[in-house]
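What follows is each chain in one-letter form.
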Amino acid sequence: MQLPLWPEAASAIASDVDHLYIYLTLVSVVMSVLIFGTIFVFAIKYRRKSEDETPAPIHGSWRLEVTWSIIPFLVMLTFFWWGAKIYFLNATPPPEAMDVYAVGKQWMWKLQYPGGQREINELHVPIGRPVKITLASEDVIHSFFIPALRVKHDVVPGHYDVLWFNATKAGRYHLFCAEYCGTEHSGMVGWVTVMNPADYENWLAGGGSAGTMAQQGERLFEQLGCSGCHLVDRQGRGPNLRNLYGSRVQLTGGQTVLADDAYIRESILNPNAKIIAGYHPNVMPSFQGQLSEEGILQLVVYIKSLAIANAPGAPTASLLPAIIPQPVNLARRLAPQQDGGKQ
Amino acid sequence: MSTAIQEPQQTTETVNYLNAEYGWKSWLFTTDHKRIALLYLISISVMFALGGVFAMLIRLELLTPQGDMVTSDTYNKLFTMHGVVMVFFFLVPSIPATLGNFLVPMMIGAKDLAFPRINLLSWYIYIAGALFAVASILMGGVDTGWTFYTPFSTTYSNTFVITAAVGVFISGFSSILTGLNFIVTIHKMRAPGMTWGRLPLFVWAHYATSLIQVLGTPVVAITLALLALERGFHIGIFDPAIGGDPILFQHMFWFYSHPAVYIMILPGMGVISEIITCFSRKGLFGYWFVAGSSLGIAIVGFLVWGHHLFVTGMSMYAGLYFSLMSMLVAVPSAIKVFNWTATMYRGSITYQTPMLYAFGFIGLFTIGGLTGLFLATLGIDVHLTDTYFVIAHFHYVMVGGMVVAYLGGLHFWWPKITGKMYPEGWGKFSALLVFVGFNVTFFPQFILGYLGQPRRYHAYAPEFQVLNVMSTAGASILAVGYVIPLIYFIWSLRYGKPAGDNPWGAKGLEWTTQSPPTTFNFDQTPIVTEEAYAYSKKPEVEVG
Amino acid sequence: MGQQFDSATFGMWVFLLTEIMFFGGMFGAYTVYRSMYPEAFASTSAYMNPLYGALNTAVLIVSSLTMALAVRSAHLDKQKALQIFLLITMFFGLCFLVIKGFEYHEHWVDMKVPLIGGHWNYSEAPQFAHQAQILFIFYFFMTGFHAIHMIVGLGIMTTIFIMARKGRFSPIYYTPVEVSGLYWHFVDIVWIFLFPLLYLIGHTRTIL
């Protein structure tokens, strides 16, 4: 008979969360004991001993009211401050985090890795390396929840959400959908396998049969006709996408936006929303309905690769980005961080 | 257990609001606030039983990790309808429509509410809303969760969403009219000498509640109307495929639904103030702080809704704001708990059933409120939101708080309402059952939540079974704790000891009338000359 | 009697407060949506005719004046004046609805009525079609809801007029007139907010 009372702690942030939880629990226990104890003592000490007892009324005490308002509030501020600290950490993935892409769909999780590996309801990650998961939904709101890592984020259709963590303990942990999404909501579960770097390298080497995500994206780029307007070696009817990703672009209305994952997704699905200055509306068709969220992610990774390929020092011949794990570099890349991924 | 010989002190000839007129028309067309309160009492008890049946089915299914008792779709409908029925058709009306309707006019020395016919109308509107809700159940149910999140509710669900939403929409107007009536009544119909500073805290609590009802309910009405438009006509406000925002729905929904939980708890807190003062035979410590805290909760309660959306992708700064405000709103609740405790200091305390429920309330509400702070703490909420921890938290405040206060209030004022006493021994026993059953049901759920069991799960990971079985066992005890009072209350109508005007020796204008009261409460408008809870005429002690 | 008058008017104020929250919810949702899609909004504003809106604003303001005068007449026991002012108020209310009718008809002809089959077309700026549809739905919802309140107001005025004809009001008892006056003023004020929000702010004359 299993009776777990505490989840495993398998990420860098988990112990921080657990400590905060214990602190909250301790304060709550102290508060409760104080209150219940006082009531218990009063209830007994001041029980009615004769029928015509009439206690003297005590109207109140300003000092007591102020004291027992301010002190609890100050204690609550410590909760707030510590919780905010963790929240901020959760909200900012480190720039060197490795990317994984997860699409939630009734009722399964589809994971894609830049190297092209795909999984359903399974996620494999290495120890000691920040992992950033870009989340998308095909249909309703889902929520990506890994209790052992103490991370959760809703997956809202219509845009990308991001969740990151740094796993510190090998093992197999639950993955749950945590936002009610219909009939098989409780079946939308899976496993997260955290592996030692060597094991992870072996697993990755299995590779994706369809090529890396960027390669799959490149194929889609051709198939859907994007390359007709977005030429790679010269100016076409549409903006040149080389070096677009990560840059700041100026739009027709005058404002500037960052060309990130969300921008690329929006430009594919709703091209007229943010048009680069110098271009016109109603020229690029919308691809709404022609692409799954996974396909859009592949295109995003491909377009991302066009930028990195031209970073100084990167190989120019291939459009494959240097960050896509090539087996040769893997062992070096996955060596445990010396600073332990300080959070 | 009393086998007292029926020795009525009040003969059956004493005219009171119950026997002044007979016949179904005198009840269904009544404008007497006390009769309307009883109409509500029966209706919400029926809805509570319905919601309770759904709860039992849920807990029975959760005895095993597999989903083996009902299908997934049925389970999803069970928890949805449990929530819809309990929140909108039991918790929101509960104390205001029953005890509030009955007592507020009496406590301020009035003959009735300001708008008696609107009061009756509000009951009919409630029934109309309930009929729609029951219709949606009979037609096959709703499976969106009581929160109706889009785009599932607008585009993907195949159940009777609009019917249920219409039922909730209609019941909202009942709530608005009740609130409107109370606000006007409390402002305009206080007896001479009944200044704001002499009002019982029960009345203050209902005033604050009515403010929320009047200001917040219209927003959920419009939200549900937009939901129905979206579902019926696919207009696209909440549909991301055509540029809508599903999170807009959540913001609009919680803008009402968070203050709604204060609609549910404030009246309960009012009840506790009345019970503690009576059974400590002492005035309330910190009267103005308790009155002010009710208003404070009502106002600040409108500013915290975003804490339901911490993991939806809102900006970090919005998260900071809502977390801080949510901590702030806990302060007035804490003030109340401390003041109630201080009221008992140097009191003269007895332990009849209402007081036992009051003790239970303070304990359970304190735990519920503290765990709310866990959820308000951003870093922890990321882990705990959408898990059983949240379910445990809100059941602690709603059931351990609200329902316990309601039961305490029913027991406290039963003699006034019916002229009969309930059997005290059984009363204490059921209070104990409720307390024990409740804790066994819901405490394990805190643990399940931290372990990571998500809410609304039909089937769960096998290692969670033991805690789930414990929870179900507790639910069975709790159910018995609810059924026993149902039985003895009905029993007492015929066989209960006649109560007399003021069996508790309580202060308050309602206790100066006969039990049960006459139709117009007072033969002459009372003139108020003393403070609330003037249990002692000795010189007052002012502690620094 | 005085206390009943006080109660009734206070009750009406509280009811109007709930109406503000109701309309406010709609206003809020509309504002959020509009700020999400400013260009789509700019393109729809070409179909909102401020002339109709201004005319209706004038009509309602005058009707509020005549309503206030009606209440005053009741207070001063001027029965004939009371009835005349009530009639004029109702007349202006009807004018409002008629002008609104003309306006809706133009939207119908322009193919800008969503949801009802066959009268929606946004081919002049198809990139905004979806958002424009939502904005128009909001427009019809808000103005339609307001118009319904107007119609209810006319019903109330009719009742008050009949009661006045029967001599039910005097300086001692004119509570229903006062309370209906409050309701009427509220309907006017909602329009005062609708008009700038829907017709004036960000109005452009060209289709993008």
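Residue indices follow the written sequence of each chain, beginning from 1 at its first position. Chain A is the first chain written and ligand 1 is the first ligand written, with later ones labelled in order. Two thresholds apply to this predicted model, a pLDDT of at least 70 for residue-level local features and 80 or more for giving and counting side-chain atom pairs, whereas whole-chain, interface and lining totals are computed over all residues.

> Could you give an account of the overall build of chain A, naming the residues involved and the relevant values?
Helical segments are the DSSP runs of H or I of at least four residues, strand segments are the runs of E of at least two, and each set is numbered from the N terminus. A tally of helices and strands in chain A yields 8 helices and 12 strands. Think of it as a crowd count around each C-beta: if 20 or more other C-beta atoms lie within 10 Å the residue is buried, if 12 or fewer it is exposed, and in between it is partly exposed, with C-beta placed from the backbone throughout. Within chain A, the fraction of its 343 residues that count as buried is 38%. Nonlocal contacts in chain A, meaning residues at least 24 apart in sequence, comprise 68% of its contacts between residues at least 6 apart. Whether two residues are in contact depends on their C-beta atoms, placed from the backbone: they are in contact if these lie within 7 Å.

> Kindly report on the overall build of chain C, identifying the contributing residues and their values.
A tally of helices and strands in chain C yields 6 helices and 0 strands. Helices and strands in chain C line up, N terminus first, as α-α-α-α-α-α. Projected onto its principal axes, the C-alpha positions of chain C cover 60 × 30 × 30 Å. In chain C, which comprises 208 residues, the proportion classed as buried is 37%. Across chain C, contacts joining residues at least 24 apart in sequence account for 80% of those joining residues at least 6 apart.

> Residue-level account of the interface of chain B and chain A, with values.
Counting residues at the interface gives 80 residues for chain B and 77 residues for chain A. Put simply, the parts of the chain that give the side of chain B that touches chain A at least two residues each are helix H3 (72-91), helix H6 (152-156), helix H9 (246-280), helix H10 (287-300), helix H11 (316-344), helix H12 (353-376), helix H13 (378-384) and helix H15 (424-451) of chain B. Looking at the side of chain B that touches chain A element by element, the count peaks at 14 residues for H11(B).

> Describe the sheet that holds strand S3 (residues 118-120) of chain A, naming the residues involved and giving the relevant values.
All names here are of chain A. A strand pair is defined by DSSP finding two or more bridges across the two strands. Reading across from one edge, S3-S2-S1-S5-S8 is the order of the 5 strands in this open sheet, with mixed pairing throughout. On the outer flanks of this sheet lie S3 and strand S8 (161-166), each paired with one strand and no other. Within the sheet, the average angular offset between the axes of one strand and its neighbour, ignoring direction, is 25 degrees. The pairing of strand S5 (residues 130-137) with S8 spans 6 bridges and is classified as antiparallel. Across the sheet, the residue bridging to Lys132 is Trp164, located in S8. Across the sheet, helix H7 (residues 293-308) lies against strand S1 (98-105), strand S2 (108-112) and S5, angled at about 135 degrees from S5, the strand it touches most. Angular values range over 0 to 180 degrees, each being the angle between N-to-C directions of two axes fitted as lines to C-alpha atoms, with helices fitted over their stretch in contact.

> Go over the packing of helix H2 (residues 33-61) of chain B against H3(B), please, and point to the residues and values.
Residues and elements named next belong to chain B. The interhelical angle for the contact between H2 and H3, taken along N-to-C directions, is 150 degrees, at an axis separation of 9 Å. Relative to H3, the element H2 lies roughly antiparallel. Along this stretch, H2 crosses H3, giving a crossing that reads as left-handed. On H3, the residues that touch Ile44, Met47, Phe48, Leu50, Gly51, Phe54, Ala55, Leu57, Ile58 and Glu61 of H2 are Tyr75, Leu78, Phe79, Met81, His82, Val85, Met86, Phe89 and Phe90. The scheme is simple: roughly parallel for angles under 35 degrees, roughly antiparallel for over 145, roughly perpendicular for 65 to 115, oblique for anything else. In a left-handed crossing the near helix is turned counterclockwise from the far helix by less than a right angle, and in a right-handed crossing that turn is clockwise.

> Residue-level account of the pairing of strand S6 (residues 142-146) of chain A, with values.
Residue and element names in this part refer to chain A. Of all 5 residues making up S6, 5 are buried, and the element is well covered by its neighbours. Here S6 shows a buried face lined by His142, Phe144 and Ile146 and a second buried face lined by Ser143 and Phe145. Between the antiparallel neighbours S6 and strand S7 (residues 151-155) lie 4 residues, among them Arg150 with a positive phi of about 60 degrees.

> Go over helix H5 (residues 116-139) of chain B, please, and point to the residues and values.
Residues and elements named next belong to chain B. Under the 1.5 Å per step criterion, the end-to-end length of H5 is 35 Å for 24 residues, consistent within 8% with the ideal 34 Å. Taken together, the buried positions of H5 are occupied by Asn119, Leu120, Ser122, Trp123, Ile125, Tyr126, Gly129, Ala130, Phe132, Ala133, Ser136 and Ile137. Of the surrounding secondary structure, the elements contacted by the buried residues of H5 are H2, H3, helix H4 (94-107) and helix H7 (161-188). In this scheme, a helix's expected span is set at 1.5 Å multiplied by one less than its residue total.

> If you had to explain the interface of chain C and chain B to someone new, which residues and values would you point to?
You'll often see interface size given as the accessible area lost when the parts meet. The interface of chain C with chain B comprises 23 residues on the first partner and 25 residues on the second. Breaking the side of chain C that touches chain B down by element, the ones donating at least two residues are helix H1 (2-36) and helix H5 (129-165) of chain C. Sort the elements by how many residues they give to the side of chain C that touches chain B and H1(C) lands first, with 16 residues. Classification used: nonpolar for Ala, Val, Leu, Ile, Met, Phe, Trp, Tyr, Cys and Pro, charged for Asp, Glu, Lys and Arg, polar for all others including Gly. Among the residues making up the side of chain C that touches chain B, the classes are represented as 14 nonpolar, 8 polar and 1 charged.

> Can you break down the environment of Gly67(B) residue by residue, with the values?
Residues and elements named next belong to chain B. Along the polypeptide, Gly67 turns up in the loop between H2 and H3. On the neighbour-count criterion, Gly67 (19 C-beta atoms within 10 Å) is partly exposed. Counting along the chain gives 351 residues from Gly67 to Thr418, while the straight-line C-alpha distance between them is 46 Å.

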